[in-house]
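# Secondary and tertiary structure notes
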Amino acid sequence: MDIADPAVADHVVLLDGRGHQIGVADRRTVHSTATPRHLAFSCWLVAADGRVLITRRALGKRTWPGVWTNSCCGHPRPDEQLDHAVRRRVHEELGVELDEVVCALPDFSYRAVDRSGLVENELCPMFHATAVDGELSPDPHEVVDWTWEQPERLRQAMTHAPYAFSPWARQQLPLLGDLSSPLGVG
């Protein structure tokens with residue numbers, strides 16, 4: 001399969017309950033009130049001082065518009081390696097190149113329903129990464145705001161205002177442990 005082919009580029013990988021590929025589907029149609037389990041990823045960019053980048057999802061996003069979340073999320077294309085998908089999507093969404101990309105939670109999975117009834121149902125490995133350098137240049141169709149935050153302050157914000165954050169970010173943050181280094185999970 002040629003992932004550069006536009007007919008393939010916007011497809012997600014469908015999975016069975018054990019995480020094995022069972023097919024592909026058009027990304028634009030897969031999210032519904034009966035979303036099938038599919039492969040995704042989350043990435044948390046970590047600065048040298050331990051702060052993490054959180055982004056606020058654009059108001060035009062189909063699911064969880066306007067909520068704060070991890071640095072970047074996405075779906076690997078069929079036959080695309082996950083670390084390549086992370087690098088591709090971070091560049092598309094945030095405009096930066098990544099230096100080190102580490103899969104910290106390979107088996108993270110979640111299912112959540114937003115206010116409109118749309119379902120996320122993903123095997124969503126979670127990555128830590130560091131940006132090479134340069135200013136963020138987020139795609140406004142994806143990100144409406146962003147900030148670098150200390151993990152402890154972020155944990156407090158999620159405790160006091162959980163509705164302001166994506167369900168996957170709320171579930172991932174407690175699992176991340178010490179974020180002073182993008183290489184380890186607590």
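Residues numbered from 1 in each chain as written. Predicted model: local features only at pLDDT ≥ 70, side-chain atom pairs only at ≥ 80, totals over all residues. Heavy atoms only, no water.

### A short note on unusual backbone geometry
Put simply, the test is: Secondary structure follows DSSP: runs of H or I at least 4 residues long count as helices, runs of E at least 2 residues long count as strands, and numbering of each begins at the N terminus. Under the scheme applied here, a residue whose accessible area is under 20% of the maximum for its type counts as buried, over 50% as exposed, and between as partly exposed, the area being computed with a 1.4 Å probe on protein chains only.
The backbone of Trp 64 shows a phi angle near 45°, a positive value even though the residue is not glycine. Secondary-structure assignment places Trp 64 in the loop between β5 (52-57) and β6 (68-69). Not every positive phi belongs to a glycine, and Asp 79 is a case in point at roughly 70°. Relative to the elements of secondary structure, Asp 79 occurs in the loop between β7 (72-74) and α3 (82-94). Classification of Asp 79 as exposed rests on a relative accessible area of 56%.

### Quick notes on the side chain of Glu 122
Put simply, the rule is: The charge count treats Lys and Arg as positive and Asp and Glu as negative. His and the chain ends do not count. Take a side-chain nitrogen of Lys or Arg and a carboxyl oxygen of Asp or Glu: if they are within 4 Å of each other, that pair is a salt bridge. Note on definitions: a residue-residue contact is assigned when non-hydrogen atoms from the two residues lie within 4.5 Å.
For Glu 122, the position within the fold is in strand β10 (residues 119-123). At 8.3 Å, Arg 57 is the nearest oppositely charged side chain to Glu 122, a buried residue that forms no salt bridge. Setting aside anything within four residues of it in sequence, one finds Glu 122 in contact with His 31, Arg 37, His 38, Ala 40, His 75, Phe 108, Ser 109 and Tyr 110.

### Topic: the UniProt feature "active site" (unreviewed entry) in the chain
Convention followed: UniProt positions are given in the numbering used here, feature names are shortened, and annotations may be inferred rather than shown by experiment. Here a polar contact is taken to be a pair of N or O atoms separated by no more than 3.5 Å, where protein atoms must pair a possible hydrogen donor with a possible acceptor and residues adjacent in sequence count only if both atoms sit in side chains.
According to UniProt, the positions carrying the feature "active site" (unreviewed entry) are Cys 73 and Glu 122. A maximum C-alpha distance of 11.3 Å places the annotated residues, which cover 50 residues in sequence, within one compact spot. Mapping Cys 73 onto the fold places it in strand β7. In this structure the side chain of Glu 122 is engaged in a polar contact, spanning 3.1 Å, whose partner is the side chain of His 75.

### Overview of the packing of aromatic side chains
For the record, the criterion: Only Phe, Tyr and Trp rings are paired, with Trp represented by its six-membered ring, and only when their centres lie within 6.5 Å; those with planes under 30 degrees apart are stacked, over 60 edge-to-face, the remainder tilted.
All chains considered together, the criterion is met by 3 aromatic pairs. Measuring from centroid to centroid gives 5.5 Å for Trp 64 and Trp 168, while their planes differ by 85°, and the two rings are edge-to-face. Taken together, the positions of Trp 64 in the loop between β5 and β6 and Trp 168 in helix α5 (residues 167-176) put the pair 104 residues apart, joining distant regions of the chain. Given the relative accessible area of 11%, Trp 64 is considered buried. Note on Trp 168: relative accessible area 2%, which makes it buried. An aromatic cluster is built from Trp 64, Phe 108, Tyr 110 and Trp 168, whose rings are joined through pairwise contacts.

### Focus: the sheet that holds strand β11 (residues 126-131)
Under the convention used in this document: Between any two strands, pairing holds if DSSP finds at least two bridges. Lines fitted to the C-alpha atoms define the axes, with helices restricted to the stretch that makes contact. Angles between their N-to-C directions range from 0 to 180 degrees.
Spatially, β7-β4-β11-β8 is the arrangement adopted by the 4 strands of the open sheet, whose pairing is mixed. The sheet is open, and its two edges are formed by β7 and β8 (98-105), each paired on a single side. For this sheet, the mean angle separating the axes of adjacent strands, direction not counted, is 25°. For strand β4 (residues 41-45) and β11, the ladder comprises 4 bridges, and the chain directions are parallel. Each bridged residue has a counterpart across the sheet, and for Trp 44 the counterpart in β11 is His 128. Along the sheet, α3 makes contact with β4, β7, β8 and β11, crossing β4 at roughly 65°.

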